[in-house]
Amino acid sequence: MRLIISSLLCLLLSSASLAAPVTEAPRTTIETIYETVTKTRIIEVTEPATEPTATEPAVVEDESESEGSGVVEEVAVPGETGVLVPAIVASDTGAAPAAPCECPTEETATEAATEAATEAAAAAAVAAAPANITEISGQTKMCSCDVADECRKSSMDGMEECMKDCQADHLKGYGDKIEEYRKCFFNNKDTIVEAENCLFDKKTEYCAAKDEAKFVNKTNWDDLSNVTYTSVAHKDIVANYFWKRDESKYNKFQSFFHCTKHCIHKKLQTCSADKGCTVKMPTRDEFAEKMKTCTKKNTKISTAILKTCQCLAWTNGVKEMQGSCVVIGNSYYVDRA
């Protein structure tokens, strides 16, 4: 009897040991967080603390039924420091979504082809034009820079003649010594020279390179010659007592300068026409703005205005200018007029 009981106890102990659960080692590989509607899995990789942080994206294949689909996606997974790093996950969607087609419509393609053909025909006409052709399709040949500079020089050489043409309308208000007044302006001609250099500061805008056949719309010189000058005082000086007192005297100077410049431009027009070309000028609004801005922020111009004013006031006794030269010839006021 004791033998039977001992055998039963051994059997019971043996069964209990076999039924005891086996403890698994902690998992440190892949844990699925969630799955999107496209079955692309975003996974979190938990690396052992002793492993260094990977410097390149980890590649993790999706354990889906469509194994070997060949489509991969890049997702962010936490690295050793908790910072998200890129990882590449295989997708079981079968294929990457196609990018939307932005193919041109038949109408757009036709318009583009027509425009290209027109430009090509125009370029071919220009290239095939003989050197003596001055107009094509209503456009005028642009002067080469050599010709434009030659005409600019000859027109600037006519500055004194232009001042003579303008003196009767703009200088007679100073008194009877008009010739002497004109000399005050001509002897300080940086007011004109510097402004004109500024107006033509970019050669590529007004003339063509050597041996380049370029045709542009004809310059409307009559329209440009109607541009006048009136100062628009900056807020810094608009209420200034001295500027309010002398602004009209400054504008009178600028009116004479503008008259002289327009005369110079007419000479430039005549010279370029005689050469069978045109010097390209800005549009009327651009021209008016540049004619004004080119009188500012140039110490040579403000100094020349100061000397001209002193010549009128003290050398030729123009009383209205006495005491005003330090204002209208002061760069602070000139730059804000």
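Please refer to the structure higher up on the page.
Quick notes on the rules
- Residues numbered from 1 in each chain as written.
- Predicted model: local features only at pLDDT ≥ 70, side-chain atom pairs only at ≥ 80, totals over all residues.
- Heavy atoms only, no water.
- Helix = DSSP H or I, 4+ residues; strand = E, 2+ residues; numbered from the N terminus.
- Expected span 1.5 Å × (residues − 1).
- Buried < 20%, exposed > 50% of the residue type's maximum accessible area, 1.4 Å probe, protein only.
- Arc of directions from axis to C-beta.
- Contact = heavy atoms within 4.5 Å.
- Core = buried A, V, L, I, M, F, W, Y, C linked by side-chain atoms within 4.5 Å.
- Phe/Tyr/Trp six-rings, centres within 6.5 Å; stacked < 30°, edge-to-face > 60°.
- Lys NZ or Arg CZ within 6 Å of the ring centre and 35° of its normal.
- Axes fitted to C-alpha atoms, helices over the stretch in contact; angles between N-to-C directions.
- Parallel < 35°, antiparallel > 145°, perpendicular 65-115°, else oblique.
- Left-handed = near helix turned anticlockwise from the far one by under 90°.
- Disulfide = S-S within 2.5 Å.

Colleague: How should I be thinking about helix 4 (residues 159–170) in this particular structure?
Modeller: An α-helical turn contains 3.6 residues, so any two residues separated by three or four positions project in the same direction. In this model helix 4 runs 15 Å from its N-terminal to its C-terminal C-alpha over 12 residues, within 8% of the 16 Å that 1.5 Å per residue would give. Within helix 4 the residues assigned to the buried category are Met159, Cys162, Met163, Cys166 and Gln167. Projected down its long axis, helix 4 shows its buried positions confined to an angular sector of 145°, all on one face. Looking at the packing, one finds that the buried side of helix 4 touches helix 3 (145–157), helix 5 (178–186), helix 6 (190–199) and helix 9 (241–274).

Colleague: Help me out: how do you make sense of unusual backbone geometry in this one?
Modeller: Leaving glycine out, the prevailing phi sign among residues is negative, and the prevailing peptide bond configuration is trans. You will see that Asp211, though not glycine, has its phi angle at about 65°, which is positive. Relative to the helices and strands, Asp211 is located in the loop between helix 7 (203–206) and strand 8 (215–216). Of note in this structure, Lys297 is not a glycine but carries a positive phi near 50°. Here Lys297 shows up in the loop between helix 10 (284–293) and helix 11 (299–315). Here Lys297 falls in the exposed class, since its relative accessible area comes to 75%.

Colleague: What is the right way to look at the side chain of Thr308 in this model?
Modeller: Residue position: Thr308 is located in helix 11. Owing to a relative accessible area of 0%, Thr308 belongs among the buried residues under this scheme. Setting aside residues up to four positions removed in sequence, Thr308 forms contacts with Cys184, Phe185, Asn188 and Phe253.

Colleague: Quick question: what am I supposed to make of the nonpolar core here?
Modeller: Grouped burial of nonpolar side chains is what soluble globular proteins tend to show. Counting 36 residues, the largest nonpolar core has Tyr174, Phe185, Tyr250, Phe253, Leu312 and Met321 as its most contacted members. Of all the elements in the fold, those that place two or more residues in this core are helix 4, helix 5, helix 6, helix 9, helix 11, helix 12 (325–328) and helix 13 (331–334). Top contributing element to this core by residue count: helix 9, with seven residues. Those residues within four positions of Met321 in sequence are excluded, and the remaining contacts are Tyr174, Lys249, Phe253, Cys309, Leu312, Ala313 and Ile328. Listed in part, the 18 residues of the second largest apolar core include Cys143, Leu224, Val227 and Leu268.

Colleague: Sorry, what's going on with the packing of aromatic side chains here?
Modeller: The geometry of an aromatic ring pair is captured by two quantities: the separation of the ring centres and the angle between the planes. Per the counting criterion, the structure on display carries 12 aromatic pairs. Measuring from ring centre to ring centre gives 6.2 Å for Phe253 and Phe257, while their planes differ by 85°; the resulting arrangement is edge-to-face. Separated by four residues within a single helix, Phe253 and Phe257 lie in helix 9, roughly one turn from each other. Both residues of the pair, Phe253 and Phe257, belong to the buried class. Chaining the aromatic ring pairs together yields one cluster made of Tyr229, Trp243, Tyr250, Tyr332 and Tyr333. Lying across the ring of Tyr174, Lys252 places its NZ or CZ 4.1 Å from the centre. Positioned over the ring face of Tyr229 is Lys292, at 6.0 Å from the centre of the ring.

Colleague: Can you walk me through the environment of Tyr250 in this structure?
Modeller: Topologically, Tyr250 is positioned in helix 9. Each C-alpha atom of the pair Tyr250 and Ile305 lies 9.1 Å from the other, and the pair is 55 residues apart in sequence. Setting aside anything within four residues of it in sequence, one finds Tyr250 in contact with Tyr229, Ser231, Trp243, Thr295, Lys296, Ile305, Ile328, Val334 and Ala337.

Colleague: How do you make sense of the packing of helix 3 against helix 9 when you look at a structure like this?
Modeller: Axes are the key here: two packed helices are described by the angle between their axes and the distance separating the axes. Between helix 3 and helix 9, the least distance of the axes is 8 Å, while the angle of their chain directions is 140°. Looking at the two axes, helix 3 sits oblique to helix 9. In this structure, the crossing between helix 3 and helix 9 has a hand that is right-handed. Of the residues in helix 9, those touching helix 3 at Ala148, Cys151, Arg152, Ser154, Ser155 and Met156 are Ile264, Lys267, Leu268, Cys271 and Ser272.

Colleague: Mind showing me how you'd approach helix 10 here?
Modeller: Residues Phe287, Met291 and Lys292 constitute the buried set of helix 10. Viewed end-on, helix 10 has its buried residues packed into an arc of 130°, placing them on one side of the element. In this fold, the buried residues of helix 10 make contact with helix 6, helix 8 (221–224) and helix 9.

Colleague: Whenever I open this one, the state of the cysteines confuses me. Can you help?
Modeller: Linking two cysteines covalently via their sulfur atoms produces the bond known as a disulfide. Applying the stated rule across the entire model yields eight disulfides. Between the sulfur of Cys162 and that of Cys263 lies a disulfide, 2.1 Å long from S to S. On the S-S bond that ties Cys162 to Cys263, the torsion sits near -75°, and the link is left-handed. Note that Cys162 is positioned in helix 4 and Cys263 in helix 9, a separation of 101 residues in sequence. Cys263 sits in the buried class, given a relative accessible area of 15%.

Colleague: Would you mind going over the environment of Lys177 with me for this structure?
Modeller: On the secondary structure map, Lys177 appears in the loop between helix 4 and helix 5. Residue classification places Lys177 among the partly exposed residues on the basis of a relative accessible area of 38%. Put simply, Lys177 and Leu312 are 135 residues apart on the chain and 10.0 Å apart in space, counted from C-alpha to C-alpha. Residue contacts for Lys177: discarding those within four places in its chain leaves Thr315 and Asn316.

Take it as geometry only, folks, not as evidence of what the structure does.
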